[in-house]
Amino acid sequence: MKVTAISVFPEYFSPLELSLIGKARTQSLIDFRSINLRDYTADNHHSVDGTPYGGGAGMVMMAEPWGKAIDSILEKDEEIDLIILSPAGSKFNQRRAEQLSRASHLVFACGRYEGIDARVGDYYRGVKGVRVHEISIGDYVLNGGEVAALVIIEAVSRLIPGVIGNPASLDEESHNEVGALEYPTFTKPAKWRDLDVPEVLLSGNHGQIKKWRQEEAKRRSNLSQ
Ligand code: 6GU
């Protein structure tokens with residue numbers, strides 16, 4: 001899968017060199033690139049923002065640098081999923097991660113300030129081969145879309161075949177069964193600072209263990225609601 005992030009802070013994406021995602025990159029399972037939006041500006045100041053029409057606080061990112069940056073990607077690749085990060089987007093979840101994990105090229109538009117001129121999304125919704133997704137990662141406000149893009153890249157990458165060493169851990173996961181968060185887990189020693197591992201887990205009775213885990217998972221998902 002190709003992944004491109006467009007940002008005024010491409011350095012934000014250096015953590016993608018670490019851990020499983022870093023390994024997936026060296027194995028060519030993920031081909032990640034970040035591009036600097038300022039490289040697509042035409043003026044001496046490399047301006048990317050302007051004051052909002054209609055007034056109000058803050059600055060809005062101008063459509064033209066975004067248009068040029070996205071067009072430069074479309075010159076090489078006609079099929080992309082364009083993800084516009086915005087606190088006003090639809091809420092990211094595991095189902096969306098699975099949908100995006102089947103894409104061939106994800107392009108993240110990471111806005112800063114008060115967001116990107118709305119015409120960018122409108123324009124690319126009308127371009128053949130481009131699927132536009134406006135996505136938020138939760139009900140809080142970040143300074144920009146970079147961290148949100150990292151969250152989505154991590155959730156999506158681990159669903160790509162070969163990225164995770166043990167695919168069985170994917171099946172067992174929380175959100176595969178909607179609402180069932182995973183059961184609590186324990187490892188050696190059986191007693192730690194006066195706290196014991198639940199006895200059923202030491203019993204060797206696989207039927208009882210399975211039942212206990214299902215009940216615990218259900219109890220936890222009720223608690224978190
Ligand atoms: Cl995608 N962007 C920003 N700026 N804030 C957010 C967000 C995205 N998701 C939640 N808060």
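See the structure above.
A few points on the structure. What you are looking at is a predicted structure, and each value in this text was computed from that prediction instead of being measured.

**Here's the deal with the overall build of the protein chain**
Looking only at helices and strands, the protein chain features 7 helices and 9 strands. By the compact-globule yardstick of 17 Å for 225 residues, the protein chain is too spread out, its C-alpha radius of gyration being 22 Å. Seen through its principal axes, the protein chain has C-alpha atoms that stretch 70 × 40 × 35 Å. Expressed as a percentage of the 225 residues in the protein chain, the buried residues total 41%. Contacts in the protein chain between residues at least 24 apart in sequence constitute 75% of all its contacts with a sequence separation of at least 6. Within the structure as shown, the protein chain displays about 13,900 Å² of accessible surface, and the carbon and sulfur contribution to it stands at 51%. Separation of charge centres in the protein chain, based on 26 positive and 31 negative side chains, amounts to 5 Å.

**Some details on a nonpolar patch on the surface**
A cluster of nonpolar side chains, contributed by Phe9, Tyr12, Tyr140, Leu142, Val147 and Val151, occupies part of the molecular surface with about 490 Å² of accessible area. Looking at the element boundaries, Val147 is found in helix α5 (residues 146–157).

**Here's the deal with the pairing of strand β6 (residues 105–109)**
For β6, the tally of buried residues reaches 5 of 5 residues, placing the bulk of the element in the interior. Burial along β6 is two-sided: His105, Val107 and Ala109 and Leu106 and Phe108, pointing in opposite directions, are all buried. Judged from the 5 bridges that link them, strand β1 (residues 2–7) and β6 form a sheet pairing that is parallel. Among the inter-strand pairings, Thr4 is bridged to a residue of β6, identified as Val107. Relative to β6, strand β5 (residues 80–91) runs parallel, the two sharing 4 bridges. Opposite Ile84, over in β6, you have Ala109 as the bridge partner. Taking the sense of rotation as the criterion, the β-α-β connection linking β5, helix α3 (residues 94–100) and β6 turns out right-handed.

**A closer look at the pairing of β5**
Looking at chain direction, β5 and strand β7 (residues 130–136) are connected through 8 bridges and run parallel. Bridge pairing in β7 places Leu85 opposite Ile135.

**A closer look at the sheet that holds β1**
Ordered in space as β2-β1-β6-β5-β7, the 5 strands form an open sheet in which the pairing is parallel. Strand pairing shows two members of the sheet lacking a second neighbour, β2 (31–36) and β7, which therefore form its edges. Taking each pair of neighbouring strands and ignoring which way they run, the sheet shows an average axis angle of 25 degrees. Docked against the sheet, helix α2 (residues 63–74) engages β1, β2, β5, β6 and β7, running at close to 165 degrees with respect to β1.

**Looking at the packing of aromatic side chains**
Evaluation of the coordinates by the stated rule reveals 3 aromatic pairs. Ring centres of Tyr123 and Tyr124 lie 4.8 Å apart, and the angle between their planes is 85 degrees; this geometry places the pair in the edge-to-face category. Classification of Tyr124 by relative accessible area gives buried; the value is 2%.

**As for the site of the ligand**
Taken together, the residues surrounding the ligand are Leu85, Ser86, Pro87, Ile135, Ser136, Ile137, Gly138, Tyr140, Leu142, Gly144 and Ala148. Ser136 is positioned such that a nitrogen or oxygen atom in its side chain is 3.4 Å from a nitrogen atom of the ligand. At 2.5 Å from a nitrogen atom of the ligand is found a main-chain nitrogen or oxygen belonging to Tyr140. Summarising the interface, the protein chains cover 96% of the accessible area of the ligand, which totals 290 Å² for the free molecule.

About the criteria used
Residues numbered from 1 in each chain as written. Predicted model: local features only at pLDDT ≥ 70, side-chain atom pairs only at ≥ 80, totals over all residues. Heavy atoms only, no water. Helix = DSSP H or I, 4+ residues; strand = E, 2+ residues; numbered from the N terminus. Rg over C-alpha atoms; globule rule 2.2 N^0.38 Å. Buried < 20%, exposed > 50% of the residue type's maximum accessible area, 1.4 Å probe, protein only. Contact = heavy atoms within 4.5 Å. Areas by Shrake-Rupley, 256 points an atom, 1.4 Å probe, with all protein chains shown as cover. Lys, Arg positive; Asp, Glu negative; His and termini not counted. Charge placed at Lys NZ, Arg CZ, Asp CG, Glu CD. Patch = residues over 30% accessible without salt bridge, like charges linked within 9 Å, V, L, I, M, F, W, Y side chains within 5 Å. Salt bridge = Lys/Arg side-chain N within 4 Å of Asp/Glu carboxyl O. Pairing = 2+ DSSP bridges. Right-handed = clockwise from strand over helix to strand, strands pointing away. Axes fitted to C-alpha atoms, helices over the stretch in contact; angles between N-to-C directions. Phe/Tyr/Trp six-rings, centres within 6.5 Å; stacked < 30°, edge-to-face > 60°. Near = heavy atom within 4 Å. Polar contact = N/O pair within 3.5 Å; in protein donor to acceptor, adjacent residues only side chain to side chain.

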